[in-house]
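Structural overview for review
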Amino acid sequence: MKLRHLSLPLTLAFVATLLLPIASTPARAAGDTIVFGAAVSLTGRESKEGRLTQEGYDFWKDWINAHGGIKVGGKTYQVAIKYYDDEDNPQTSAKLVEKLISDDKVNFILGPYGSSASFTTAAVVERYKVPMVESNGAAETIFNQGYKYTFAVLAPARRYLEGIVDMATHMQPRAQTLALTSANDAFSQEVAQGTANFANAHGIKIVYQEKYPVTTTDVSTIISAIKAANPDMILNAGHLTDALLVHKGLKEQNVMAKIYGYSVGPDTPDFRDSLGKDANYVIGAAQWSTTAKYKGYPGFITSSAEYTKQFVAKYHHEPDYHNAESTAGCLAFQYAIEKAGSLDPQKVRDALANLDVVTFYGIIKFDSRGLNVFKPMVVNQIQSGKLVTVWPAGVAVAKPEYPAPVWARR
Amino acid sequence: MGLFLQDLVNGILAGGILAVVALGFSLVWGIMNIINLAHGAFIMLGAYITYQLFTSLHVDPFASIPISFAIMFAFGYVIQKYVINNVARAPVLTTFLLTFGLSLLLVNLALMIWSGDARAVTPTYAGSNFSVGPVTIPWAKLATLACALAITALMQLWLARSKLGRAIRATSMDIGAAQLSGVRVAQVYSIVYALGAGLGGAAGSLLSLSYSLNPSMGEPFIIKAFVCCVLGGLGSVEGALVGGLVYGIVESFGSQYIGTGYQDAVALVVLLIVLILRPTGIMGKATA
């Protein structure tokens with residue numbers, strides 16, 4: 001191999017890629033523009049979620065700029081967002097956020113994707129006293145560090161499956177027993193713990209509980225044990241890959257239950273496409289859904305339906321909750337900046353801490369730790385191939401189909 | 001008792017696939033002394049070939065096994081001839097690094113082509129099953145096991161009977177003597193690496209039925225293949241089969257009676273025990 005002949009052009013290409021992001025984005029906050037900074041995963045294992053995050057942020061930015069910008073005091077500002085790719089590495093994310101604050105002098109930070117990266121970046125914004133609103137890190141450990149500058153618009157991990165259990169207790173016949181499985185990462189453990197506590201408090205008996213490694217490739221033993229426990233309700237706290245593995249396994253071993261629920265999975269089109277009609281009757285928890293009926297404050301799109309319509313027109317796919325929560329993170333900044341009437345980081349932080357608004361995405365209000373514990377999760381069910389919101393009753397558009405019939409009739 | 005039998009069946013069904021996963025890895029390692037970290041990526045590519053054939057051309061996943069084997073065989077041949085061959089006799093760390101880089105490259109290419117979305121191959125019969133007493137057996141997994149056994153049997157036969165197969169075995173026994181007897185070692189290496197990639201592709205096709213596809217799906221299988229090889233004995237077909245089955249069954253019972261969280265730990269403890277009692281693996285022969 002004569003690689004030497006290629007080395008010069010390769011080096012030049014490499015240097016060019018390094019220079020690319022610098023050339024294409026505004027260098028610093030200046031003039032009449034508010035600059036936000038964000039380090040999200042544009043490559044790596046979670047690049048899919050990272051892109052969804054970026055779309056959510058950009059959708060808000062373009063909408064606001066097209067509608068005149070943000071009013072601060074008597075002046076109107078346009079909005080810009082400077083991105084870096086953290087390559088799905090929490091340490092890189094923290095470094096890049098530090099660079100955004102100290103080198104690029106951005107005004108505010110929008111969060112990265114995922115709990116791990118949110119955790120590392122929270123420490124950085126705390127040091128520099130620059131407020132960050134994050135939309136994609138639901139683990140409560142981030143907010144138990146006493147930080148004052150990090151806020152999350154999403155409901156915390158422990159609440160993810162509460163809605164499904166709550167729904168189950170209102171069904172006829174009422175579900176009595178629960179089998180609960182979870183991946184052994186921090187986020188899923190918090191989900192499982194919260195679910196178990198909620199189930200116990202509401203008189204539902206946990207007949208089987210087990211955790212599996214995140215990298216598991218075979219869950220058939222768990223499926224056999226669930227079948228032996230014969231629960232009314234099967235809930236899984238995990239991720240898309242394992243949700244698919246579990247649901248396929250349940251069919252393979254013909255396991256019957258009244259409710260099949262997953263913390264992550266059913267809200268993504270991948271889940272429905274992969275499972276076809278076996279996905280019907282599956283229930284999922286989501287931060288938001290395209291059919292959730294919230295009535296937002298003026299200043300931005302006020303309903304899920306309108307958000308969905310404009311989003312599809314721009315990106316040619318339906319927004320999923322990652323998109324919506326990312327947009328909601330920007331909205332928190334928008335309302336807080338308008339209320340503060342200033343771009344001073346300290347004043348905006350205080351306005352965020354006292355924020356109490358309803359948006360198309362639901363309520364945004366933070367507890368003293370910066371966590372949006374006030375927002376419930378919506379419960380969606382896949383009915384005849386479509387994802388519809390079935391709980392809480394106040395925002396639902398359809399009744400839950402309950403109980404699930406035998407596998408052959410789905 | 002019902003649960004015990006079900007676990008045993010689950011273990012055997014899982015073990016059959018692991019045997020094919022381990023087989024290609026074992027040949028490359030045993031014969032070429034290359035710990036092929038790109039094996040997981042080959043498995044992933046095989047799965048995506050099956051997925052693409054299934055969604056675009058409605059080819060049944062089982063019918064796509066020979067196709068993904070052939071494509072990956074050709075791919076492996078080219079990779080060996082033009083890339084790996086440059087470092088064929090280099091220290092193990094060099095090939096380690098090269099195959100690791102190759103793996104990264106392939107995974108990220110797959111990310112560009114298919115994106116990070118999870119995908120699945122779901123023919124109409126996916127998930128259908130039958131019961132024998134208290135045990136439920138999914139048809140697709142049973143057929144997968146049958147394919148796995150057939151693939152191992154074919155490999156064994158080919159290595160024992162064919163001229164090329166004998167050349168491969170001769171090379172693994174004594175490279176110098178093989179060369180003196182007229183075996184073209186460079187060609188043998190290309191074939192072995194191609195076989196490894198082809199078997200990885202076939203394993204990917206088999207996995208696509210029960211597993212969901214994403215570009216990094218192959219990663220967890222590298223460590224599993226590693227353990228199966230060492231368990232069963234390196235570089236032999238029957239070793240990979242026994243290693244796969246033992247791993248599958250141990251993992252199944254370990255998950256049920258010790259805890260799924262310790263799935264990997266249990267398998268590794270068994271590996272340690274086997275290595276202490278039989279350092280050459282269950283089916284391994286003592287080297288001269």
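Residues numbered from 1 in each chain as written. Chains lettered and ligands numbered in written order. Predicted model: local features only at pLDDT ≥ 70, side-chain atom pairs only at ≥ 80, totals over all residues.

1. Observations regarding the overall build of chain B
Counted only if it meets this: Runs of E in the DSSP output that reach at least two residues are strands. Runs of H or I that reach at least four are helices, and both are numbered from the N terminus. As a reference, a globule follows 2.2 Å times the number of residues to the power 0.38, and the radius of gyration itself is taken over C-alpha atoms. The exposure label follows from counting other C-beta atoms within 10 Å of a residue's C-beta, where the C-beta atoms are placed from the backbone and the thresholds are 20 or more for buried and 12 or fewer for exposed, leaving partly exposed in between.
Check the secondary structure of chain B and you find 11 helices and two strands. Starting at the N terminus, the α and β elements of chain B follow one another as α-α-α-α-β-β-α-α-α-α-α-α-α. For 288 residues, the compact-globule formula gives about 19 Å, and the C-alpha radius of gyration of chain B, at 19 Å, lands near that figure. In terms of overall dimensions, chain B has a C-alpha envelope of 60 × 50 × 35 Å along the principal axes. Counting every position in chain B, which comprises 288 residues, the buried fraction comes to 53%.

2. Things to note about the domain arrangement of chain A
Residue and element names in this part refer to chain A. Basically, it comes down to this: For each domain, the first and last residues come from an automatic or database assignment. Any pair of residues counts as being in contact when their C-beta atoms, constructed from backbone geometry, are within 7 Å of one another. Gly counts as polar in this scheme, as do all residues outside two lists: the nonpolar Ala, Val, Leu, Ile, Met, Phe, Trp, Tyr, Cys and Pro, and the charged Asp, Glu, Lys and Arg.
Taken as a whole, chain A is organised into domain 1 (28-155 + 292-365) and domain 2 (159-286 + 377-409). Using only C-alpha atoms to locate each centre, domain 1 and domain 2 end up separated by 30 Å. Contacts between the two partners involve 11 residues from domain 1 and, on the opposite side, 12 residues from domain 2. Grouping the amino acids of the side of domain 1 that touches domain 2 by side-chain chemistry returns six nonpolar, two polar and three charged.

3. Considerations on the sheet that holds strand β8 (residues 205-212) of chain A
All names here are of chain A. Threshold: Only when DSSP finds a minimum of two bridges between them are two strands counted as paired. Angles run from 0 to 180 degrees between N-to-C directions of axes, and those axes are lines fitted to C-alpha atoms, restricted for helices to the stretch in contact.
With mixed pairing, the seven strands of this open sheet are ordered in space as β8-β7-β9-β10-β11-β14-β15. Of all the strands in the sheet, just β8 and β15 (386-391) have a single pairing partner and so form its edges. Across the sheet, the mean angle from the axis of one strand to that of its neighbour is 25°, orientation sign disregarded. Where strand β9 (residues 233-237) meets strand β10 (residues 259-262), four bridges bridge the pair, whose relative direction is parallel. Each residue of the ladder has a partner; that of I234, found in β10, is Y260. Strand contacts of helix α6 (residues 186-201): β7 (177-183), β8 and β9, with the helix running at about 165° to β7, the strand carrying the most contacts.

4. A closer look at the nonpolar core
In plain terms, the rule: To form a nonpolar core, buried Ala, Val, Leu, Ile, Met, Phe, Trp, Tyr and Cys residues must be joined through C-beta atoms within 7 Å.
Grouped together as the largest cluster of nonpolar side chains are 214 residues, with contacts concentrated most on I109(A), I164(A), A332(A), A336(A), V20(B), A22(B) and V192(B). Per-element tally for this core: the top contributor is helix α1 (residues 2-32) of chain B, with 16 residues. Shared between two domains, this core takes at least three residues from each, and those domains are domain 1 (28-155 + 292-365) and domain 2 (159-286 + 377-409) of chain A. With residues near it in sequence (within four places) discarded, A332(A) still touches V133(A), F151(A), V153(A), L352(A), L355(A) and I364(A).

5. Digging into the packing of helix α7 (residues 220-229) of chain A against helix α10 (residues 237-257) of chain B
Where we set the bar: Orientation labels follow simple angle bins: below 35 degrees gives roughly parallel, above 145 gives roughly antiparallel, 65 to 115 gives roughly perpendicular, and whatever is left gives oblique. Here is the rule for handedness: rotate from the far helix to the near one, and if that takes an anticlockwise turn smaller than a right angle the crossing is left-handed, while a clockwise turn gives right-handed.
It is the contact of α7(A) with α10(B), at a shortest axis distance of 9 Å, that shows an interaxial angle of 45°. Viewed along their axes, α7(A) and α10(B) adopt a mutual orientation that is oblique. Relative to α10(B), α7(A) is oriented so that their crossing is right-handed. Within the contact between the two elements, α7(A) uses T221(A), I222(A) and A225(A) and α10(B) uses S252(B), S255(B) and Q256(B).

6. Looking at the environment of L104(B)
All names here are of chain B. Its place among the elements puts L104 in helix α4 (residues 92-114). Here L104 falls in the partly exposed class, since 13 other C-beta atoms lie within 10 Å of it. Between the C-alpha atom of L104 and that of F62, which follows or precedes it by 42 residues, the distance is 28 Å.

7. A word on the confidence of the model for chain A
All names here are of chain A. Applicable threshold: Summary of the metric used: pLDDT quantifies the predictor's per-residue confidence within the range 0 to 100.
When the pLDDT values of chain A are averaged, the result is 89; 92% of them are 70 or greater. No element of chain A has a lower mean pLDDT than helix α1 (residues 4-24), at 48, and none a higher one than strand β4 (residues 108-110), at 97. This stretch, residues 18-29, has a pLDDT under 50; its non-local contacts, to residues over four places away or in other chains, come to 15 contacts.

8. Some remarks on the interface of chain A and chain B
Counting residues at the interface gives 33 residues for chain A, matched by 34 residues for chain B. Elements represented by at least two residues in the side of chain A that touches chain B include exactly α2 (47-66), β8, α7, α8 (240-252) and α9 (269-275) of chain A. When residues of the side of chain A that touches chain B are assigned to their parent elements, the largest contribution, seven residues, is made by α8(A). Tallied by class, residues from the side of chain A that touches chain B come to 10 nonpolar, 13 polar and 10 charged.

9. Observations concerning the sheet that holds strand β2 (residues 70-72) of chain A
The strands making up a sheet associate through hydrogen bonds between their backbones, and the pairing can be parallel or antiparallel. Residue and element names in this part refer to chain A. Within the open sheet, the six strands sit side by side as β2-β3-β1-β4-β5-β6. Their pairing is mixed. Strands at the two margins of the open sheet, each flanked by one partner only, are β2 and β6 (150-152). Strand-to-strand twist in this sheet, taken as the mean axis angle between neighbours without regard to direction, amounts to 30°. Strand direction decides the pairing type here: strand β5 (residues 132-134) and β6, joined by three bridges, are parallel. Each residue of the ladder has a partner; that of V133, found in β6, is F151. Lying on the sheet, α2 is in contact with β1 (33-40), β2, β3 (75-85) and β4; it crosses β3 at an angle near 160°.

10. Points about α2(A)
Residue and element names in this part refer to chain A. Under the convention used in this document: Working rule for helices: expected span equals 1.5 Å times residues minus one.
For α2, spanning 20 residues, the distance from its first C-alpha to its last is 28 Å, which sits close to the expected 28 Å at 1.5 Å a residue. Judged by how many residues are buried, α2 sits mostly within the fold: 14 of 20 residues are covered. Phi turns positive, to about 105°, at G68, one or two residues after α2.

11. Topic: the environment of A240(B)
Residue and element names in this part refer to chain B. Position of A240 among the secondary structure elements: in helix α10. By the C-beta count within 10 Å, which is 33 here, A240 ends up buried. For the pair A240 and C229, spaced 11 residues apart in sequence, the C-alpha to C-alpha distance is 5.6 Å. For A240, the residues in contact, after removing those within four places along its chain, are A19, A22, L23, S26, C228, C229 and G232.

12. Concerning the environment of P123(B)
Residues and elements named next belong to chain B. Among the structural elements, P123 can be located in the loop between α4 and β1 (129-132). C-alpha of P123 to C-alpha of D60: the two residues are 63 residues apart in sequence and 7.3 Å apart in space. Excluding residues that lie within four positions of it along the chain, P123 makes contacts with D60 and P61.

13. Observations concerning helix α12 (residues 345-353) of chain A
Residues separated by three or four positions in an α-helix point in the same direction, a consequence of the helix having 3.6 residues per turn. All names here are of chain A. Short version of the rule: For this quantity, the arc is that covered by the directions from the helix axis to the C-beta atoms.
Looking at α12, one finds that the buried residues are V348, R349, A351 and L352. Across the axial projection of α12, the buried residues extend over an arc of 165°, all falling on one side. The inward-facing, buried residues of α12 contact β4, β5, β6 and α11 (321-340).

14. Describing the pairing of strand β11 (residues 282-286) of chain A
Residue and element names in this part refer to chain A. Operational definition: With its strands directed away from the observer, a crossover is right-handed exactly when the path from the first strand over the helix to the second travels clockwise.
By the criterion of burial, β11 is predominantly enclosed, with five of the five residues buried. Burial along β11 is two-sided: the residues V282, G284 and A286 and I283 and A285 are all buried. Direction of pairing for β10 relative to β11: parallel, over a ladder of three bridges. Across the sheet, residue Y260 finds its bridge partner in β11, namely V282. Read from β10 through α9 to β11, the crossover connection turns out right-handed.

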